[in-house]
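Tertiary structure, described
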Amino acid sequence: MAAKIMILNGPNLNFLGIREPHIYGSTTLAEIEASCQQLAATLGITISFHESNLEGELVNWIQSAHGKFDAIIMNPAAYSFTSIALIDALKIFEGPKIEVHISNIHARDELHRHSITSTASTAVICGLGPYGYIVAILAAVQKLGRLPDTIQAALHGLRTKV
Ligand code: CA2
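Here we summarise the structure given alongside this text. Numbering of residues starts from 1 in every chain and runs along the sequence as written. Given that this is a predicted model, residues contribute local features only at a pLDDT of at least 70 and side-chain atom pairs are listed and counted only at 80 or more, while totals for whole chains, interfaces and linings are drawn from all residues. Hydrogens and waters are ignored; side-chain quantities use all the structure's heavy atoms.

Attention shifts here to helix α4 (residues 84–92). Every α-helical turn comprises 3.6 residues, leaving residues that sit three or four positions apart pointing alike. For α4, the full list of buried residues reads Leu86, Ile87, Ala89 and Leu90. Burial along α4 is one-sided: seen end-on, the buried residues are contained in an arc of 165°. Exposed side of α4, more than 90 degrees from the buried face: Ile84 and Lys91 are the residues found there. Contact between two residues is taken to exist if any of their heavy atoms lie within 4.5 Å; hydrogens are not considered. Numbered from the N terminus, helices here are DSSP runs of H or I no shorter than four residues, and strands are runs of E no shorter than two. Each element contacted by the buried residues of α4 is listed here: α3 (55–65), β3 (71–75) and β4 (97–101). Sitting at the amino-terminal end of α4 is serine 83, which places a side-chain oxygen 3.4 Å from the backbone nitrogen of alanine 85. Working definition: with a 1.4 Å probe on protein chains only, accessible area under 20% of the residue-type maximum means buried, over 50% means exposed, and in between means partly exposed. Arc definition: directions from the helix axis to the C-beta atoms. Side-chain atoms alone can form a polar contact between residues adjacent in sequence; in general such a contact is a pair of N or O atoms within 3.5 Å, and within protein one must be able to donate a hydrogen while the other accepts it.

Spelled out as structure tokens, the structure:
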């Protein structure tokens, strides 16, 4: 069966490409979703893509992924720096959990630097702009052992377990 990945986006990311392009670029969230869906079709996986400004709704989506999705990719946005509820929900999910940030949070101001949700994540990708979502999908599919043979072969036997 095709691998299923849930991609979650936290508060204000629905304004991507509309406000603050000097920090977050000019790509809209709809354009990011379209690219993710296109890659999913190429990889033979399915993606469910959501945005919410509400912490509880993000928690509900993470819980609903339990047993139904193989991996979660999440840009928790501002909740990265505050949400114990998201940490607890992520801990329930057994599959790969990849945290994505469009900007390089480590190079940001003190307020935007310390992601606490990353403590419950398998990996963190930041600073690659919208391409970070693409890298996260490839990383999740690799972790699930579902990369297409052509890509797997191109890795020339690279050991991908830590
Ligand atoms: O770089 C990222 O992806 C962030 O998760 C974005 C968050 C920020 O709090 C994190 O430090 C890093 C902010 C998302 C707000 O999105 C906006 C988009 C357009 C205009 C204003 C805010």
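So that's the structure; there's more coming.
Take the pattern of salt bridges next. By definition here, a salt bridge exists when the distance from a side-chain nitrogen of Lys or Arg to a carboxyl oxygen of Asp or Glu is within 4 Å. In the structure shown here, the tally under the stated rule is 1 salt bridge. The salt bridge involving arginine 113 is made with glutamate 110; its shortest N-O contact spans 3.4 Å. Judged by its relative accessible area of 30%, arginine 113 is partly exposed. Residue glutamate 110 is classed as exposed on the basis of its relative accessible area of 52%.

In this section: the environment of glycine 17. Within the fold, glycine 17 resides in the loop between β1 (4–9) and α1 (21–24). By relative accessible area, glycine 17 is classed as partly exposed at 26%. Put simply, glycine 17 and threonine 28 are 11 residues apart on the chain and 4.4 Å apart in space, counted from C-alpha to C-alpha. Among residues more than four places away in sequence, those in contact with glycine 17 are Gly25, Ser26, Thr27 and Thr28.

Our next topic: the sheet that holds strand β2 (residues 46–51). Pairing within the open sheet is parallel, and its 5 strands lie in the order β2-β1-β3-β4-β5. Edge strands, defined here as strands with exactly one partner in the open sheet, are β2 and β5 (123–126). Averaged over all adjacent pairs, the angle separating strand axes in this sheet is 20°, with direction ignored. Pairing between β3 and β4: 3 bridges, direction parallel. Of the residues in β4, the one forming a bridge with isoleucine 73 is isoleucine 98. The strands touched by helix α2 (residues 29–43) within the sheet are β1 and β2, with β2 carrying the most contacts at an inclination of about 165°. Strand pairing is defined by DSSP finding a minimum of two bridges between the two strands. Helix axes are fitted only over the stretch in contact, all axes being lines through C-alpha atoms; the angle between N-to-C directions runs from 0 to 180 degrees.

Side-chain rings of Phe, Tyr and Trp, where Trp is taken by its six-membered ring, are said to pair if the distance between their centres is within 6.5 Å; with planes under 30 degrees apart they count as stacked, over 60 as edge-to-face, and otherwise as tilted. Applying the stated criterion to the full structure yields 1 aromatic pair. Their ring planes at 40° and their centres at 6.5 Å tell us that phenylalanine 49 and tyrosine 133 sit as a pair that is tilted. Of the two residues, phenylalanine 49 is situated in strand β2 and tyrosine 133 in helix α5 (residues 131–143); the sequence distance between them amounts to 84 residues. In this pair, the class of phenylalanine 49 matches that of tyrosine 133, namely buried. Consider the ring centre and the ring normal. A charge sits over the ring if Lys NZ or Arg CZ is within 6 Å of that centre and within 35 degrees of that normal. The ring of phenylalanine 69 has lysine 4 lying over it, and the distance from NZ or CZ to the ring centre is 4.7 Å.

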